[in-house]
Structures are given as C-alpha cells and as structure tokens.
Amino acid sequence: MKTGPLSGFPEWLPEQRIVEQALLDTLRRQFELFGFAPIETRAVEPLEVLTQKGATDKEIYVLSRLHADEGEGDKGLGLHFDLTVPFARYVAQHRGKLAFPFKRYQIQKVWRGERPQKGRYREFYQADIDVIGQETLSIQHDADMVRVLHSVMGALPVGAVTIHINNRKVLEGIYRALGVEDVVPVLRTVDKLDKIGPEKVREELAELGLAPGAIDTVLAAGEIRGADEGVVEAIRALGVSHPILDEGLDELGFVLRACADLPAGSVVADLHIARGLDYYTGTVYEGLLDDEPGLGAVCSGGRYDNLAAMGGKAKLPGVGVSIGISRLLGQAFAQDSLVASRQTPTCVLVALDNDERRAAAQVAASALRARGIACEVFDRPQKYGKQIKYADSKGIPFVWFCGDAGAADTVKDIRSGEQVEATADTWQPPAEDLHPRVLRR
RNA sequence: GUGGGUGUAGCUCAGUUGGUUAGAGCGCCGGUUUGUGGUACCGGAUGUCGUGGGUUCAAGUCCCAUCUCCCACCCCA
C-alpha cells in the first residue's frame, strides 16, 4: 500500500489534534456567546449552486462514482469550497422555517483544488458566522462582526490580531467618480498594495487603462488608514464625490463609531483592503496576525447584498466572517508555538499488578471514570518501570497502583515522583491536570 | 495552470572523479535493573537509495521520462 502525505491535505498527530479541538471548542463557545445558532450543511452541493454568479471560480472537486453505469449521467455534485455559498443555499431553501435576522455559526471542512503552499491547504477548516436578513439588514451587524472577531481572536492563543476594515462602496464610489467602468480589477490591484508596493500597483492600474491623474487619486485613497472617523474626513479631502461614496462613508463611519470602545490598535480602517471576492458589496474585513502578517488573512469576510437571493425574488442580504483555523494551526505547528500538555486525554494510568488483579484495576478505573477522570488500565502485567515509562511517553500525569492484600491504593505524580495513598472514589487530580491543556510558547 | 527546487532507515541527514556487504545521530526494541520511569553504559532491529527505462564490466552516484513533496505566481482561510 502506498503511504505518505498528500499535499494540501494535512493530518495531525494526536497532540496536535488535541490543540485543534481545543481551538474549535473555543470558537464554538465564543460564537454561541454572541447568539449564533449552530448548523451544518452537507459536504456536497450541485455544481450549479457552487458555480452560481457571485461565487468565486475556485477549483472545485467534483464527485463521481468509480463504477458509474453507462448513461447514469453526471449528477453534477462537487465538494463545497467555502461555507458561504452552501449557507446561502440553505437559507433560501429553509427560508420559511427560519426566524430573521438569522444568525448562524458553522464550523466545517472545505475543499479547494488549488496548489498548496504555506498557509494554504486543499482541505481545511473554516469557522463561519453570518447574519442574514430579509430585504434589509441593519448596518449594526456590520459593526457587530468586528466585535465578535475581536472577542474570538482574543480568545484564541495566537497572539495579537489587527482587524482591518474597509467599505467597498467607498472604493467603488471613488473609482466611479474617476470614470472607472469595471471596478473589480481595480479593487484587486489596489488590494495588492501591501504586497507589491505602490509603484507596481501604479503600473498595473495603467495597464487597466486608468489615466495618470486617476491613478494618483486611487493610490492616495489606498494609502489612507486610521482607527477613527478621521479617515472619513481624509477621504472627503480627496475631493471626489459620488452617491455610492457617500453611502459607503456613512456606513464606514457608523462601524468605526460603533467600535470606538474596543482597545486601541485592534481595529483599523484600511482603505486598500478590498478582498478579491466579487460578491462583497459593503463592509469588508481582514484580520492579520501582528507577529506574522506574511501568513495572510487569518479571518476575513464582508457584507453581501445579493448572494443569498437564490431561487427566489426575495432579497436576503447578509454579513459574515470566516476564521481560518487551519491556517492558524499550520503556522503554530510549523513553529511549534502551540503544544498540548499531553498526547492523550488519559489523566490516570492504572497499573496492572498481575493477571489475578485485573478486576481490582478495573474497579479502580471505573470509580475514577464515574467522576469524570479519564483513565486506562495497562494491558499486561509488565514491570512497573515499563508501565510508568508508557505513561511518561504519552504525558499521562498520574499512575495508579492498586494496593495488595487490603493495603491502600496509591497514586503517583510521575512528574514530581510524589506518591500518596488514595481512594478511587474520592481522589481528585488538580483541575489543570484533568484534561489536556494547550500551551503557548 | 506557470516557474524553481526536492526525494537515501520512523525523523534529520552523510555517502569522494561511478568501484566490495549503503552509513551517522535521534527515535525504537532488549539488557545492566527479579515490577517504581526519565540519566549512564552495553547490545539489537530497520532501507525495492521515489518509480520506470537507459549508459556501463560496475549506478544511491551519469542520462531520459515519470511521480511525489516543498517554495513562488494566480487567487484565497
């Protein structure tokens, strides 16, 4: 059998999966604290849903049966490449049973058939929250997204994250005022300011047919950043005007005011953040690690007005963000900055004295488990040294010895070597040893 | 899809201008230690040298093809 890694399909060791699960638990708790309801959608969607207008042209993994009968025809199913498109389909489908504004969180694997590289995988977790309204959705939700992101990212052991926000209408208004017909290519180019620098961006804009004067304004706008409403004034000072620009500035100003109480530096308006996805219509978000900006966005999202208008006339505007939990983990594992305190849930290894005493060992183990203490009984009566070594190799903190012939049981903390008498019905490990912990270093 | 790199033990790697039976460290297993680990010492196992072809008396080493993985572009979490 052929073994070996598949590029872009990461598999973690138990101690890494423990970290991953801990972070997923944190996300779930945080999302629920903000009132988002859980859903899960199927892993596959009809290709026509995945490739609908507004979706990205991601490379989609198509599903087919190995021994499909001749003439069975292609059912046209593909694995989802994000959670927003399936969610839009879900909302349109269950519209009658949902209460709006509908807030949901969804933590699932997604698949993209792209070339993998650092921070980018073909199979990875996305953790999404979205709010979706009927006909309209309050701008308040745009601001709330920043608040949730700030809270969630702060709860993850990944260091400081700066959330960059912008509003597509602001950029679109400016570009239209400058006479640009097709704004999306300009947005994509400006989005690369950080990466390739203003001179390269200038060249690319010129290739798109922008006049030198217009390019100056586009670049000047792209350079604007700030944490408060000063950015709105700075944009007005560019001297362009357009109805869409006014709308965008109102929204951006609202979001900045609504987030004014968050700690300084956590949120910044950044006028070159555009996001490549073409379905965003208003506020856009992009979170970067302060320590590792080169990793790319670790959370991102935006407002969309049309995406969920699937199969009906009703308009379902929404706003949502996605957290790149796999990207964060890949980075953390690569630099060994997140580790589990042990590589198994087991808190106590019950040593096996001899074959006659298996029953006694099981009784002790059951008593511990009944009180929520994870334990396992060693499988054969080897020398105690071997059994302790097994516990040590997995990071199991305690070894339990059943007392012989009426003697008391004892439990040994193998880190300190301390061994004390104990009763399986009452003994309690320190709270920090009950479950594996995530350690940051 | 485009470009560049890579491939030898479970892991990290060495292997001379082609030349006997392919090595080291770590890890693993056993022992010193007749049930209480981590250190130390002693011993042991492990390879289709990515794969297929070719050149040669002789290929891990040279040539061709192919695959894999890594990095960058595109785009994105």
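Residues numbered from 1 in each chain as written. Chains lettered and ligands numbered in written order. Predicted model: local features only at pLDDT ≥ 70, side-chain atom pairs only at ≥ 80, totals over all residues. Heavy atoms only, no water.

All chains considered together, the criterion is met by 23 salt bridges. Here R28 makes a salt bridge to E32, at a shortest N to O gap of 3.4 Å. Placement of the pair is R28 and E32 together in helix α1 (residues 14-33), with a separation of 4 residues, close to one helical turn. Of the residues examined, E32 reaches a relative accessible area of 36% and is grouped as partly exposed. Here D261 makes a salt bridge to R147, at a shortest N to O gap of 2.8 Å. Pair noted here: D261 is in the loop between α10 (243-258) and β9 (267-270) and R147 is in helix α4 (residues 140-155), with a separation of 114 residues, a long-range link. In this structure R147 comes out as partly exposed when scored by relative accessible area, which is 27%. Through salt bridges with shared partners, one network takes in R42, E45 and R89. (Salt bridge = Lys/Arg side-chain N within 4 Å of Asp/Glu carboxyl O. Helix = DSSP H or I, 4+ residues; strand = E, 2+ residues; numbered from the N terminus. Buried < 20%, exposed > 50% of the residue type's maximum accessible area, 1.4 Å probe, protein only.)

Right, let's talk about the protein's contact with RNA strand B for a bit. As a matter of local geometry, RNA strand B sits amid 38 residues, with S7, R112, R120, R275 and D353 nearest to it. Restricting attention to atoms of RNA strand B within 4 Å of the protein, one finds that 50% of them are sugar or phosphate atoms. The side chain of E114 places a nitrogen or oxygen atom 3.5 Å from a base oxygen of RNA strand B. Those elements giving two or more residues to the surface near RNA strand B turn out to be β6 (123-132) and α13 (384-394). Among the elements that take part in the surface near RNA strand B, α13 stands out by supplying 6 residues, more than any other. Taken together, the residues of the surface near RNA strand B break down into 11 nonpolar, 11 polar and 16 charged. (Near = heavy atom within 4 Å. Polar contact = N/O pair within 3.5 Å; in protein donor to acceptor, adjacent residues only side chain to side chain. Nonpolar A, V, L, I, M, F, W, Y, C, P; charged D, E, K, R; others polar.)

Turning our eyes to something else, we now look at unusual backbone geometry. Here the residue pair F100 and P101 is connected by a cis peptide bond, since its omega of -5° sits within 30 degrees of zero. Here P101 is to be found in the loop between α3 (84-93) and β5 (102-111). Although it is not a glycine, E135 sits at a positive phi angle of roughly 70°. When you line up the elements, E135 lands in the loop between β6 and α4.

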